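Letter by letter, the chains look like this.
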Protein chains: 2
Amino acid sequence: MNTNFDLENFILDFSNSCQKKQKKVFGKNEVVTTYIKNRNQLCILLDGHADLVRYDLNGNRTIVEHFSKNSLFGEVFYTITTNNELLVEAKSNCTVLFYTYDDIFHKCRNNCKFHQTLSENLPQLILNKVTDLNMRIELLTKRSTRDKLLGYFSLRSTRTLSKSFELPFSLTDLADYLSVDRSAMMRELKLLKEDGFIEKIGNRIILLYK
Amino acid sequence: MNTNFDLENFILDFSNSCQKKQKKVFGKNEVVTTYIKNRNQLCILLDGHADLVRYDLNGNRTIVEHFSKNSLFGEVFYTITTNNELLVEAKSNCTVLFYTYDDIFHKCRNNCKFHQTLSENLPQLILNKVTDLNMRIELLTKRSTRDKLLGYFSLRSTRTLSKSFELPFSLTDLADYLSVDRSAMMRELKLLKEDGFIEKIGNRIILLYK
DNA sequence: TATTTTCCGTTGCAAAAGCAACACATTATG
DNA sequence: CATAATGTGTTGCTTTTGCAACGGAAAATA
């Protein structure tokens, strides 16, 4: 079920076979792209970490998505419904490929190998994205901060195959990701410790239940 | 950007060209499928409406997704992370095509026209799904019930191209969809009326702002 | 290494949301 | 058409969450 398609290797071919400088590198905290002026953009993160963030009118910051190696993002995945600006911020050094919708979904005029391979593997890459989004929705529909935290920890646990794992986020970012107030989340975190559900050592969470 | 691909027409070919009885019809309130025993299932809703619902341990019901014509759903879009049972319930008479992951992502052994056409159009169909999920996430990340309601109304408004539209949900279902308590939502709805943001006549919402 | 910036942890208080219960309306169904 | 089931609208009370503020820890930067 998972992508066996090796993007990195594949990119080696590409750099000669396909046009223009669509590949760019970003440093930490740089803005990779915004979802306002780049209609129909589709991006592939080859390396690094980045977040899609939104600031609403009340100043709340939300981490809408978190991207890592092989993540797809860009405006193609959004309709023009939002009023708030969405922007992708690099959280570490990032290497990103940029395309437009037409580049990818229509045949390349040169019929190059790159585009062929890419379009063969695209459904799988998008499918991975869909499963990520569904997990996200499952978290967000939990009714309480406690359930969101436990749900998130449980996901990390199954993903790392261990009851003990590092948080890939700062706690501040985690709150923005779960869409809750940070101090309220901290309070709940404390209660979870007191109630014997978890242990927290530095950045590491240990699940004590089941 | 939107799907021009006409599924219905396309299905006419299919019924002769492809194997087995993968097409089924369901009546209202019937369970179309569950996300537990049917590993790797992928379904296409040809006609009707259906909801993906989850009941959590506290008895809360959540409408995880709402499907209409041409929606894709099924376990391929989920990883095995959830503990709660997910089930798809028909909200009206539904016609559904059933596949497995392999059926669609690998070439059909018969190399039939049906599978060829489907796999050509699949990226677009999945892309539509992704934009739906992203809208959903945007709603769920809103911090207050008021913002969720206004966000939802705004989506309906842009989708119907009108400030006045029917709710496709009962209010009970809307609460489950926005993942909030029904009575709290009703209260907020009343406040929105009092504050002059909306008018509500029967099942119809009229936006009064901007 | 000194200093600035970000992050963590905590708290009191206010606001929002959830829960439970009920009456009434509307819609299905025998 | 009678009756049951489901949906709407409301309210009092409780619990949870958000907000604002602060001190100290840790990390980044000059």
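None of the values given here were measured: they were computed from a predicted structure. (Residues numbered from 1 in each chain as written. Chains lettered and ligands numbered in written order. Predicted model: local features only at pLDDT ≥ 70, side-chain atom pairs only at ≥ 80, totals over all residues. Heavy atoms only, no water.)

This part covers the relation of the copies chain A and chain B. Expressed as a screw transformation, the operator carrying chain A onto chain B has a rotation angle of 180° and an axial translation of 0.0 Å, and the superposed copies differ by an RMSD of 0.1 Å. Expressed as an axis order, the relation between the two copies is that of a two-fold axis. The position closest to the rotation axis in chain A is occupied by the C-alpha of A:Pro123, lying 2.7 Å away. Most of the interface of chain A is mirrored in chain B: 100% of its interface residues are interface residues there too. (Least-squares fit on C-alpha atoms with pLDDT ≥ 70 in both. Contact = heavy atoms within 4.5 Å.)

Another point: the state of the cysteines. Residue and element names in this part refer to chain B. Applying the stated criterion to the full structure yields 0 disulfides over all chains. Considering cysteine sulfurs only, cysteine 43 is the nearest to cysteine 94, which forms no disulfide, with 11 Å between them. The class for cysteine 94 is buried, based on a relative accessible area of 1%. (Disulfide = S-S within 2.5 Å. Buried < 20%, exposed > 50% of the residue type's maximum accessible area, 1.4 Å probe, protein only.)

The subject of this paragraph is the protein's contact with DNA strand C. Among the 18 residues in the neighbourhood of DNA strand C, the closest are listed as A:Lys190, B:Ser144, B:Thr145, B:Asp181 and B:Arg187. Each atom of DNA strand C within 4 Å of the protein was classed as base or backbone; sugar and phosphate made up 55%. Between a phosphate oxygen of DNA strand C and a main-chain N or O atom of A:Leu171, the distance comes to 3.2 Å. Contacts to DNA strand C include B:Asp181, whose backbone N or O atom sits 2.9 Å from a phosphate oxygen. Breaking the surface near DNA strand C down by element, the ones donating at least two residues are α5 (171-178) and α6 (182-194) of chain A together with α6 (182-194) of chain B. (Near = heavy atom within 4 Å. Polar contact = N/O pair within 3.5 Å; in protein donor to acceptor, adjacent residues only side chain to side chain. Helix = DSSP H or I, 4+ residues; strand = E, 2+ residues; numbered from the N terminus.)

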